[in-house]
Each structure stands twice: as structure tokens, then as C-alpha cells.
Amino acid sequence: MIENYPTQKLDSEKFLDDYIHLKRNIILNDSFKSGLNSNNEDTSKLRLLTKKLVRNKKAADFSSLERIRIVVDSLIDDISEKDVCKKEGISVKVFSEWKSEFLEAFNKYSEIETLQRALNSNNKGLIIDEIGENAYDFYKEFINISSVRNLIISKNKVLSSYSEFDGVENIVLLDRVNNFRQINKQFEEVNGKLPLNGVLLGNFETFASRAERHPINKIPYFSRVYFGFEFLFKRVFPKMPILKKLYFFTTKGKNRLLSKAEALGRLVSCGFEIQDLKVIDGIHYFSAKKIKEPVYDMNPSYGPLFKMRRVGKNGKIIGVYKLRTMHPYSEYLQDYVLKQNGYAETGKPADDFRLVPWGKVLRRYWIDELPQLINVFKGELKLVGARPVSQRYFQDIPEDLQKLRLAQKPGCVPPYVALDRKGAVESVLQSEKEYLEEKLRNPYTTDTKYFFKAMYNIVFKNKRSA
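Residues numbered from 1 in each chain as written. Predicted model: local features only at pLDDT ≥ 70, side-chain atom pairs only at ≥ 80, totals over all residues. Heavy atoms only, no water.

Digging into the side chain of T251
Applied cut-off: Helix and strand assignments follow DSSP, with helices taken as H or I runs no shorter than four residues and strands as E runs no shorter than two, numbered in order from the N terminus. When a residue's accessible area, from a 1.4 Å probe over protein chains only, is under 20% of the maximum for its type it is buried; when over 50% it is exposed; and in between it is partly exposed. In the analysis that follows, any N or O atom pair within 3.5 Å is treated as a polar contact, provided that within protein one partner can donate a hydrogen and the other can accept it, and provided that, for residues neighboring in sequence, both atoms belong to side chains.
Position of T251 relative to the elements: it lies in helix α11 (residues 243-251). The class for T251 is buried, based on a relative accessible area of 15%. Within the local environment of T251, its side chain forms a polar contact with the backbone oxygen of Y247, the two atoms lying 2.9 Å apart.

Set out below in C-alpha cells:
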């Protein structure tokens, strides 16, 4: 133990760890005075440890570590307090202050460490008891469950109850996310507690899974009425300024209905990256890693009409109006969905779970894009032009097409419709390039030409959105 310390430099954390170990063996032993000979080996080690420090400083120059060394000398009875003060050139008052500060800090450190060890001593049993062995097997793939650096938060508990815990590396939330009254706030607090790359493990239930598991699902017709009312009360009410007060008063925020997209999107918005997701007995269990600070987005998209962040002329980010075809917080999952499934032939993410059931119908007939006329009136879009895309999609467009796009306003009616091309990525990009190049050659007639060709294809050729 002692050989690890340099003569002129001492690591404060290692010193405290060794001191705690020796102090528990010696100082906190009620029979220390009578059993001094039996603990002589530990005493010698502690004496040697303290004498490794440089002792040639004036009182005003003592570091925190050297103050600890002086207090240790007194505590192990190697030298009296009076002799310590005389030897170091400090007053008894100064020494007393140092000693009080040290013992207060040490006792607090010991209590927290002991509490942490007590709470984490049976992590496996606690996790299995509350969420099952299969969930435990999934969680142990990502963290060392028995580590004292884990913080396991039982059901009906919140992180604020453990605010004094320091050095936490991973957090496990055993209660379902559905039961958190303020979901984002809880995730934000977890983010603040974890270090960069710290792991959060948790679980949630989607309303689709809940419906499948609910006994009422077996009753024909009545089940549709019941789940329709439940959806209205637990999904719509919490998102409306006045009605949400009634919802929270009645439910206390418990058993909130969540979609997979909303639960994961909230995680990503709060600074986490989804590592893995697994469904066990209808419950989604996730592992997420902290990669940044939360977005603290106070205006996430909830209602049926919302604005999408899109790249406009000269790279300006504009808010494009649209009727909702995706679940709330879906905008935060673009990278996650593309990483999982890539692009479909339509140029949109493949197997996109973010779509609501009626979303495909609204998209197919361009109903969801009708509110973009607001952007036309505001001068942000044209009737005809390359479609407005997200920053993430824009990065994947060839550089020459990016330059052509930035020189023009985006449009509501995309060129591939006017040219009667397929909705595959390559066809869409090629159509946009042809349109933008023609627009440069014929700036006054191109849009009119493309608009009437698009209307003809929609009405007479049954052309539909990709």
C-alpha cells in the first residue's frame, strides 16, 4: 500500500481511501487504547503514510492535504495536539478548526458511502423483484449491476430523493416512464447526475401494448369504445392547456399513455443516445447513454398542426407548417430511425414507427401538406419547387444539388410529380436537379409549366405522394 506513494507528491483520493481503511481498523475501534499492540501493524503503516509528506511549509502555506496529515498525526496519538501545533507553527485555534472540518467532511463521506453500499448491496434481487429476471438479464449487458457506482431507483421513488449521492456512473429507473408526472424533468435530472457516457436504464409501456394486455380487449365492440375514451383522456387531455389540469388532478400523472416514438424522442431530447431497446412481456426496456446536455425544448410538437424545422433559401432554417402524421417528439429520432433502417425507395425513412395509423392516408393525398400554404403567404415557400427537407436529409444530398437548392426557395409541389417520376430517392433528386437547372435558364416560365404538369398528373394520372 505505502510503496505506491511518491516521496514528494501524494494523491489525495488514494490517501483518503487508505486513511479510511486504516482509521476504521484503528481509530473507530472502541478498544483501540487497550488493543494498541494488536493493531501495531496498521498504526505503523498510517504513521509511515503521513510522514511521506513534505513538512517544510509555513502555516499559511499548508494545503488541504497537509492539513489532513496534521490532523491524522493527532488522531493516531503519535504526537499530542499541543506538540503538533508547536512543531508546525500553528495555533491551537487553527488546529481545532482544521480538525473539525476534517471530521465533519469524513463523517459525511462515510455516511454517504455506507448508504450507497447498503442500497446497492442487493441490486440483482431488487431489480428481479420489481421488473423480473428477463429484464435483469437485459440490463446486465450494459452495466456491472453490483457496482456501488450504480443508483437503483425503486418504483414510486424519484431521483431528487438521492440528491446527495456523488460519483454515480449509471442510473436504473425501475418504475415505468408512464408513471412520471414530469417525464422530461426526470430525464433532465438524470442527465445532470450522470457523467458523459453514463448509462440510463429504464422501461415504458406503449398504448398499443397496453391495449393488447388489457382484459377489456377481449370484449368485442365495448373495447373500442373504452380504448377510444382512454386515448382521448390520457393522450389528448395532457396536451391541452386547460384540460391537462383535470387530467393531472384525476390521475396524478400515473399510467400515462405513451407511444414508442414519444418515449424515445423524449430521451433523445434530454441528451441521451438510444443504445438498445428490447420488448419483454409487452414492456419496452431501453439502455440509453448520455452524450450531451438536454435540449430544454419548451415547445415540442404536440398538436395536430405543428411546424417542422426545414432548410430554406440561403440555408435559413424555416418552420414549415404541416398536419401531424407522426407521434410527438418524433423529430428527435430522425438519426435513430435512419441508423436502424435507412431510407426506403420513397426517399423517406424505412419502417418508420413514428407514423400514426392515419398518417399514410394523409401523406398519400397530400392532405398533411395543405398548411404549407401559410408558408407560401409568408414568402418562405413557393407553390412549385424542391421540397423543403430537414438538416439531416440535406446533409445526404450531393454537394452540387445542395448549391442549386440554396439558391431557390423550396416549394409545395415537388418536381418529381410534374415530371411523373417515381418517389425513389434517386428519381426525386434527379427531378429536383432538372427543375432547378431549368429554373436558372427560364426563371419566369418554369414554375408555371411545372405546376400545370403536376396538376394534370394528379388529376388524370392518379399521381400520389411518395
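Okay, back to it.
Describing the nonpolar core
Let me state the cut-off plainly: Buried residues of nine kinds, namely Ala, Val, Leu, Ile, Met, Phe, Trp, Tyr and Cys, make up a nonpolar core once their side-chain atoms join them within 4.5 Å. Contacts are assigned to residue pairs that have any heavy atoms within 4.5 Å of one another.
The biggest cluster of nonpolar side chains holds 31 residues, and the ones touching the most others in it are I171, L200 and L267. Elements with a minimum of two residues in this core: β1 (150-153), β2 (170-176), α8 (183-193), β3 (199-204), α12 (260-269), β4 (272-280), β5 (283-290) and α13 (334-341). With five residues, α12 is the single largest residue contributor to this core. The residues contacting L200, other than those within four sequence positions of it, are I171, L173, F187, V190, L194, L267, F272, F286, S287 and A288.

Considering the packing of helix α17 (residues 399-406) against helix α19 (residues 425-441)
In a packed pair of helices, the relevant descriptors are the angle between the two axes and the axis-to-axis distance. Stated precisely, the cut-off is as follows: Only C-alpha atoms enter the line fits that serve as axes; for helices the fit covers just the stretch in contact. Angles between N-to-C directions range over 0 to 180 degrees. Reported orientations rely on four angle classes, namely roughly parallel under 35 degrees, roughly antiparallel over 145, roughly perpendicular from 65 to 115, and oblique for the rest. Here a crossing is taken to be left-handed if its near helix is turned anticlockwise relative to the far helix by less than a right angle, and right-handed if that turn runs clockwise. The residue classification treats Ala, Val, Leu, Ile, Met, Phe, Trp, Tyr, Cys and Pro as nonpolar and Asp, Glu, Lys and Arg as charged. All others, Gly included, are polar.
Across the interface, α17 lies against α19 with an axial gap of 10 Å and an inter-helix angle of 50°. The orientation of α17 with respect to α19, classified from their angle, is oblique. Every pair of crossing elements has a handedness; the one defined by α17 and α19 is left-handed. Here α17 contributes D400, L401, L404 and R405 to the contact with α19, which in turn contributes L429, E432, K433, L436, E437 and L440. Here the residues of the contact of α17 with α19 sort into five nonpolar, no polar and five charged.

With respect to the pairing of β5
Formally: Two strands pair under a simple rule: DSSP has to find at least two bridges between them.
Extensive coverage of β5 is indicated by the burial of seven of its eight residues. Bridge count for β3 against β5 is six bridges, and the pairing is antiparallel. Of the residues in β5, the one forming a bridge with G202 is F286. Examined bridge by bridge, β4 and β5 share eight bridges and lie antiparallel to one another.

Comments concerning empty space enclosed by the protein
Condition: A 1.4 Å probe that fits but cannot get out identifies a cavity on a 1 Å grid over protein atoms alone, an open set with protein on both sides within 12 Å along at least five of seven lines counts as a pocket, and a residue lines either if it has an atom within 4 Å of a point. Grid points are joined across faces, edges and corners, and a volume is the space filled by probe spheres set on the points.
Evaluation of the coordinates by the stated rule reveals one cavity of 30 Å³ or more. Taken as a whole, the largest cavity spans an internal volume of roughly 70 Å³.

What to know about unusual backbone geometry
One non-glycine residue, N314, adopts positive backbone phi at about 60°. In this structure, N314 sits in the loop between β6 (305-311) and β7 (317-323).

Describing the environment of G312
Tracing the backbone shows G312 in the loop between β6 and β7. Here G312 falls in the buried class, since its relative accessible area comes to 4%. Between the alpha carbons of G312 and A407 there is a distance of 9.3 Å; along the sequence they are 95 residues apart. Leaving out residues up to four positions away in the same chain, G312 has contacts with I318, L406 and P410.

Things to note about the packing of aromatic side chains
Geometrically, a pair of aromatic rings is defined through the distance of the ring centres and the angle of the planes. In plain terms, the rule: The aromatic pairing rule takes the rings of Phe, Tyr and Trp, using the six-membered ring of Trp, and pairs them if the centres are within 6.5 Å, calling planes under 30 degrees apart stacked, those over 60 edge-to-face and the rest tilted. Whether a charge sits over a ring comes down to the Lys NZ or Arg CZ being within 6 Å of the ring centre and within 35 degrees of the ring normal.
One pass over the structure, following the stated rule, counts 15 aromatic pairs. Seen from their ring centres, F233 and Y247 are 5.6 Å apart, and the 65° between their planes marks the pair as edge-to-face. One end of the pair, F233, is in helix α10 (residues 222-236); the other, Y247, is in helix α11, and 14 residues separate them in sequence. In this pair, the class of F233 matches that of Y247, namely buried. When the ring of F451 is compared with that of F452, the centres are 5.5 Å apart and the planes differ by 80°; the resulting orientation is edge-to-face. What links up through ring pairs into an aromatic cluster is the set F229, F233, F237, Y247 and F248. If you follow K252 out to its NZ or CZ, it ends over the ring of F249, 5.1 Å from the centre. Positioned over the ring face of F353 is K260, at 4.2 Å from the centre of the ring.

A short note on the packing of α19 against helix α20 (residues 446-460)
At a closest axis distance of 9 Å, the pairing of α19 and α20 adopts a crossing angle of 145°. In this structure, α19 uses E434, Y435, E438 and K439 to contact α20, whose residues at the interface are T446, D447, K449 and Y450. Considering only residue class, the contact of α19 with α20 consists of two nonpolar, one polar and five charged.

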